[in-house]
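Read off the chains here:
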There are 2 protein chains.
Amino acid sequence: MRTKNQINLSEDDIVTKWYNILPDLPEPLPPPKDPDEGESRLEMLPKLMINECLKQDASDQRWIDIPEEVQELYAKAGRPRPLFRATKLEEKLNTPAKLYYKSEFYSPTGSHKVNTALAQAYYAKKEGYERLTTETGAGQWGTALAYAASIAGLKCKVFWVRAVHDWKEDRRNLMHFYGAEVHASPSSKTSAGRELLKEDPKHPGSLGIAVSEGLEDAENDEKAVYCLGSVLNHVLTHQTIIGLETQKQFEKIDAYPDIVISCLGGGSNFGGFTIPFLRDAIKGKDIKFIAAQSTAAPNLQGKYEYDFADYAEHTPLLKMYTIGHKTRMDPIWGDGLRYHGCAPILSLLRNKGYIDTIAYPSDEKYVFERARLFLQTEGFLPAPESAYSIACAIDEAVECKRNNEEKIIAFNISGHGFMDMEGYRKVLGM
Amino acid sequence: MRTKNQINLSEDDIVTKWYNILPDLPEPLPPPKDPDEGESRLEMLPKLMINECLKQDASDQRWIDIPEEVQELYAKAGRPRPLFRATKLEEKLNTPAKLYYKSEFYSPTGSHKVNTALAQAYYAKKEGYERLTTETGAGQWGTALAYAASIAGLKCKVFWVRAVHDWKEDRRNLMHFYGAEVHASPSSKTSAGRELLKEDPKHPGSLGIAVSEGLEDAENDEKAVYCLGSVLNHVLTHQTIIGLETQKQFEKIDAYPDIVISCLGGGSNFGGFTIPFLRDAIKGKDIKFIAAQSTAAPNLQGKYEYDFADYAEHTPLLKMYTIGHKTRMDPIWGDGLRYHGCAPILSLLRNKGYIDTIAYPSDEKYVFERARLFLQTEGFLPAPESAYSIACAIDEAVECKRNNEEKIIAFNISGHGFMDMEGYRKVLGM
């Protein structure tokens, strides 16, 4: 029997190159720049980050070979991942639309973050580093890097925003289980951290502070290198594996999506899923892209201007849609969406009119109720962040019903929610 | 690139029939029977259970068609699941053995239990039932049935041993999230439960008591049917999908395992993985089978005799290896292995010398340390039960190193551990 519920790729369809959209953008991407005052951030980067990644950040090469070793690691991590047709959800919604979702939740650590973590760990080892260091907010990135480091035989240190670190005990233990060293940030391990702890020994921390600590850590140990999990071009390029697989899967069934949806925080998931489709849109194909966001951080609805990527202004300035790097954001369970700025590549395309945005209320009832509908029909437990993709896909499917349009809607489930039941329980009152 | 890390099946290789080993057993399976005293358990069964399942329990048909609708549901649940080569673990162990593991952890609810839950929900609906009722111990079976009921549009009631129900908050909420009604057992919903609550309002419950409540619930509502997640022949038959896929995957790489390993509680996981290979062993092929167990419940090291399947003696007597249905068992984190008896089919084959057994210490340090080694090399987080499969596979791989033997070892990871971090933390002191 040929099933319509799951579309898979054969060995002949394995994706062997990442897609770098830089040469295909409608205009050149505004480069990162230094602020007018203070020391140069740009000059520091080569000492702190992986050279191959910095090279990819500015590459004009359209297709970048995925090293064979990384291809093997992707296979080990369960790639390619299935594309599912949401037949039961369609029935429930009684919509003429056809819904397809990509299963990034089928990941060893539970999210799409492994796609770039494995690549970065590989390059870091090749360049002679013995240790990876990073920051993490929600914890998905820290877990993915701990995993990738462990597989590569590298050490890993994670500076984790204390306010999140302290309550996500299971996720913290998972990082430890992978062998990573995890510090609540601000920590006593860096001078930046110690300064802040002097002011307040229980300082809750912030992503910006954690970035500072990671950078300082890499600066003080030549065997360590700093890794980032979103925003930057090379991260989005690595994540295109998601969209490239999805395109091949649609080819298999001789179909092409009319609407492409995913949730958006810094942009690594949204970019990874949509960029190969955006390439076709730039060439003239009629596709609607929607970034599902939270009113807590509707960065694509902010201003398109140069801003710091972190709270503490340790990074270069990036031209991006931003609500301001000092803006206070409401806490939400979909913490991975809680970021002030959007990846420069996606920001440019938003500015050129290619990407729509919707922001859902930060109490998360609307999105979590739609996650429940998805769970009860399709069976998979989405991460809180992925609930936003689902809500948006359902909204569009309902709109198709209203207009009696048989559109094809593709969305990505970037992670699973097995470690996030607390949020669902509290919001839905289970 | 042809990867050696992951072996997948194409659409042409989809398994469309379950394998029923009954006609191929070396001698007829001793049938279930009533105890000498009390009312007949066997006569009650057709009123309480799914007729198609009871029919399959006694079928002499070697191959049972998987209904097309169930095939679609399997596809929706991510089947077929990859077979992975544990290359990184092999390197770490420096063993000449080749290790392969099946990824049942890639399941919507996190375990292999969905394979029979989907089939049972399908048959129940076809037979006109509106509600499924069951008991659960560790919670994996209750979650899987809640999931299957939800997808089928059926109601579901789960009687969950109170001692486990009360602390597994996330898993309980996941069942609620699927729309199931979950009761700590003993509950006030049945006369059996009310009797026990009179004695002790905080009665910790037992699997036997929960079985009684489920049976009573089904008896009192003609729209409800009772479902079981292990031990019985039809459950093992549905689970053969695991081993049948694995055999096809080995065919793809022109290999055949010398040693086949999985953990064993009631036998649904062990049976599902091994029975297609046991068929070849019965025909004369030289394969070693090892059931990985806990000293808390080494049922295959018990006596081969008729015993009740539950503590409270509500079930018929089954001829099986048992440590006694009234035996007190130490608590362990791999709670799914904590059962006094082993499925009759596997018990017969054990008795005929086809299946070896090893029981690991119930403090679980030994098995959890090997789960850590697996996590840090292969990247996937196993369920505590699956840690036993891993420990056994590693033991055999080390033995191969000692003897310089290039054996092929196949083992099954029956579930993931994202909801079981507490056990790992407490045992390993993270």
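Residues numbered from 1 in each chain as written. Chains lettered and ligands numbered in written order. Predicted model: local features only at pLDDT ≥ 70, side-chain atom pairs only at ≥ 80, totals over all residues. Heavy atoms only, no water.

Moving on, we come to the relation of the copies chain A and chain B. Least-squares fitting of chain A to chain B yields an RMSD of 0.0 Å, with the transformation described by 0.0 Å of translation along the axis and a rotation of 180 degrees. Such values leave the two copies arranged in the relation of a two-fold axis. In this assembly, 100% of the residues forming the interface of chain A have copies in chain B that are likewise at the interface, indicating an isologous arrangement. (Least-squares fit on C-alpha atoms with pLDDT ≥ 70 in both. Contact = heavy atoms within 4.5 Å.)

To continue, consider the state of the cysteines. All names here are of chain B. The tally for this structure, following the rule as stated, stands at 0 disulfides over all chains. Its sulfur unpaired, Cys53 is 7.2 Å from the next cysteine sulfur, which belongs to Cys227. The exposure class of Cys53 is buried, given its relative accessible area of 1%. Here Cys156 is not disulfide-linked; the sulfur of Cys227 is the nearest cysteine sulfur, at 7.7 Å. (Disulfide = S-S within 2.5 Å. Buried < 20%, exposed > 50% of the residue type's maximum accessible area, 1.4 Å probe, protein only.)

Let us look at the pairing of strand β8 (residues 181-185) of chain B. Residues and elements named next belong to chain B. Taking burial as the measure, the 5 residues of β8 include 4 buried ones, the bulk of the element. For strand β7 (residues 155-161) and β8, the ladder comprises 5 bridges, and the chain directions are parallel. Counterpart to Val161 in the pairing with β8 is Ser185. (Helix = DSSP H or I, 4+ residues; strand = E, 2+ residues; numbered from the N terminus. Pairing = 2+ DSSP bridges.)

All names here are of chain B. Across the interface, helix α14 (residues 365-378) lies against helix α15 (residues 384-403) with an axial gap of 8 Å and an inter-helix angle of 80 degrees. By the criterion of interaxial angle, the relationship of α14 to α15 is roughly perpendicular. Note on element contacts: α15 touches α14 through Pro384, Ala387, Tyr388, Ile390, Ala391, Ile394 and Asp395, opposite Tyr366, Val367, Phe368, Arg370, Ala371, Leu373 and Phe374. (Axes fitted to C-alpha atoms, helices over the stretch in contact; angles between N-to-C directions. Parallel < 35°, antiparallel > 145°, perpendicular 65-115°, else oblique.)

The subject of this paragraph is empty space enclosed by the protein. Over the atoms rolls a probe the size of a water molecule, and its path tells where empty space is left. Counted according to the given criterion, the structure contains 4 cavities of 30 Å³ or more. Taken as a whole, the largest cavity spans an internal volume of roughly 170 Å³. Residue lining of the largest cavity: 16 residues in total, with Phe105(A), His416(A), Phe105(B), Tyr106(B) and His416(B) positioned closest to the centre. Here the lining of the largest cavity is built from residues that sort into 12 nonpolar, 4 polar and no charged. (1 Å grid on protein atoms, 1.4 Å probe; cavity = no way out; pocket = protein on both sides within 12 Å on 5 of 7 lines; lining within 4 Å. Points joined across faces, edges and corners; volume = space filled by probe spheres on them. Nonpolar A, V, L, I, M, F, W, Y, C, P; charged D, E, K, R; others polar.)

This part is about the sheet that holds strand β1 (residues 6-7) of chain A. Spatially, 7 strands are ordered β1-β4-β5-β15-β10-β11-β14 (chain A) in an open sheet, and the strand pairing comes out mixed. Sheet topology places β1 and β14 (355-360) of chain A at the edges, where each strand pairs with a single neighbour.

Moving on to the packing of aromatic side chains. In this description, a pair of aromatic rings is defined by centroid distance and the angle of the planes. Residue and element names in this part refer to chain A. Inspection of every chain in the model, using the stated rule, returns 45 aromatic pairs over all chains. Judged by centre distance (5.3 Å) and plane angle (45 degrees), the ring pair of Phe84 and Phe380 falls under tilted. Note that Phe84 is positioned in strand β4 (residues 83-85) and Phe380 in the loop between α14 (365-378) and α15 (384-403), a separation of 296 residues in sequence. Of the residues examined, Phe380 reaches a relative accessible area of 3% and is grouped as buried. Here the aromatic rings of Trp167 and Trp333 are separated by 5.5 Å at their centres, their planes lie at 85 degrees, and the arrangement is edge-to-face. Note that Trp167 is positioned in the loop between α7 (162-165) and α8 (169-177) and Trp333 in the loop between β13 (317-322) and α13 (344-351), a separation of 166 residues in sequence. For Trp167, a relative accessible area of 40% corresponds to the partly exposed category. We note Lys319 situated over the ring of Tyr304; from NZ or CZ to the ring centre the distance is 4.5 Å. (Phe/Tyr/Trp six-rings, centres within 6.5 Å; stacked < 30°, edge-to-face > 60°. Lys NZ or Arg CZ within 6 Å of the ring centre and 35° of its normal.)

We now examine the environment of Gly324(A). You can see Gly324(A) is positioned in the loop between β13 and α13. Leaving out residues up to four positions away in the same chain, Gly324(A) has contacts with Asp307(A) and His340(A).

Attention shifts here to the sheet that holds strand β9 (residues 224-226) of chain A. Sheets are built from strands paired through backbone hydrogen bonds, the pairs being either parallel or antiparallel. All names here are of chain A. If you trace the 4 strands from one edge of the open sheet to the other, you get β8-β7-β6-β9, paired in parallel fashion. For this open sheet the edge positions go to β8 (181-185) and β9, each flanked by a neighbour on one side alone. Across the sheet, the mean angle separating the axes of adjacent strands is 25 degrees when strand polarity is ignored. Taken together, the 6 bridges between strand β6 (residues 131-136) and strand β7 (residues 155-161) define a ladder with parallel strand orientation. The partner of Thr134 across the bridge, within β7, is Val158. Sheet strands in contact with helix α10 (residues 207-219) are β6, β7, β8 and β9, and its direction is about 165 degrees off that of β6.

It is worth spelling out the interface of chain A and chain B at this point. Contacts between chain A and chain B engage 58 residues on the former and 58 residues on the latter. Approximately 5200 Å² of surface area, both sides summed, lies buried where chain A meets chain B, with 56% of it carried by carbon and sulfur atoms. For the pair chain A and chain B, the interface holds 6 salt bridges. Lys76(A) is the salt-bridge partner of Glu378(B), the closest N and O atoms lying 2.8 Å from each other. Between the two partners, chain A and chain B, sit 23 residue pairs in polar contact (both at pLDDT 80 or more). (Buried area = accessible area lost by both parts, 1.4 Å probe. Salt bridge = Lys/Arg side-chain N within 4 Å of Asp/Glu carboxyl O. Polar contact = N/O pair within 3.5 Å; in protein donor to acceptor, adjacent residues only side chain to side chain.)

Quick look at the domain arrangement of chain A now. All names here are of chain A. The domains assigned to chain A are domain 1 (6-15 + 67-110 + 234-428) and domain 2 (30-61 + 113-230). The centre of domain 1, based on its C-alpha atoms, is set 24 Å off from the matching centre of domain 2. Across the boundary between the two partners, domain 1 contributes 43 residues, which contact 45 residues of domain 2. A combined buried area of about 3500 Å² lies between domain 1 and domain 2, and 63% of that area is made up of carbon and sulfur atoms. Per-residue buried area on domain 1 facing domain 2 is highest for Thr109, His234 and Met419; these three make up 20% of the total on that side. Counting across the domain 1 and domain 2 interface gives 0 salt bridges. Seen at the junction of domain 1 and domain 2, the total is 14 residue pairs in polar contact (both at pLDDT 80 or more). Broken down by secondary-structure element, the contributors of at least two residues to the side of domain 1 that touches domain 2 are α3 (68-76), α11 (233-252), β12 (303-308) and β13. (Domains from an automatic or database assignment.)

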